[in-house]
Amino acid sequence: DPVALRRTRTGVFVGGTTGFKMSTAAQSLCRDAKDRGKLVHVGRVNTERRILSIGRWGTVDTFDGSGWSKWGNIRIPLAVRWIDDAVQPRLFSEA
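All values derive from a computational prediction rather than experimental measurement. (Residues numbered from 1 in each chain as written. Predicted model: local features only at pLDDT ≥ 70, side-chain atom pairs only at ≥ 80, totals over all residues. Heavy atoms only, no water.)

Draft legend 1. Representation of the sheet that holds strand β2 (residues 39–42). Taken together, three strands build an open sheet; the order of strands is β1-β2-β3 and the sheet is parallel. Bordering the open sheet on either side are β1 (11–14) and β3 (62–63), each of which pairs with just one other strand. Two elements, β1 and β2, share four bridges in a ladder whose sense is parallel. Looking at the pairing, Val14 lines up with Val42 of β2. (Pairing = 2+ DSSP bridges. Helix = DSSP H or I, 4+ residues; strand = E, 2+ residues; numbered from the N terminus.)

Structure (structure tokens):
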């Protein structure tokens, strides 16, 4: 809702079903929020596909998911690798 977005002081939390969060409607909401200088956070982002999808939007400031807090020692380095590989593909695979 654009009116509600104008009233929001600091940011927007995008939640709901995976289908909604990955939709063009959610992407548009995030773009509108950034255009108004708001922070954007997306909830329940636990997979490589979701991280890379919201990253391509260029509008999401932060995300969370239960996996990051439950298994941070494993999951956080994995996410860093996913993002690094997406930004800078590796010339040679790590064997």
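Structure's up, so let's keep going.
Draft legend 2. Local environment of the nonpolar core. In this structure, Val14, Ile51 and Ile54 are the most contacted members of the largest nonpolar core, which totals 15 residues. Elements that contribute at least two residues to this core include exactly β1, α3 (24–35), β2, α4 (48–57) and α6 (72–87). With residues near it in sequence (within four places) discarded, Ile51 still touches Val45, Phe63, Trp68, Ala79, Trp82 and Ile83. (Core = buried A, V, L, I, M, F, W, Y, C linked by side-chain atoms within 4.5 Å. Buried < 20%, exposed > 50% of the residue type's maximum accessible area, 1.4 Å probe, protein only. Contact = heavy atoms within 4.5 Å.)

Draft legend 3. Main features of the pattern of salt bridges. The tally for this structure, following the rule as stated, stands at two salt bridges. Residue Arg31 pairs with Asp35 through a salt bridge whose shortest N-O separation is 3.6 Å. One end of the pair, Arg31, and the other, Asp35, are both in helix α3, four residues apart, so they sit about a helical turn from each other. The class for Arg31 is partly exposed, based on a relative accessible area of 36%. The class of Asp35 is exposed, set by a relative accessible area of 57%. (Salt bridge = Lys/Arg side-chain N within 4 Å of Asp/Glu carboxyl O.)

Any link to function would need more than the numbers given here.
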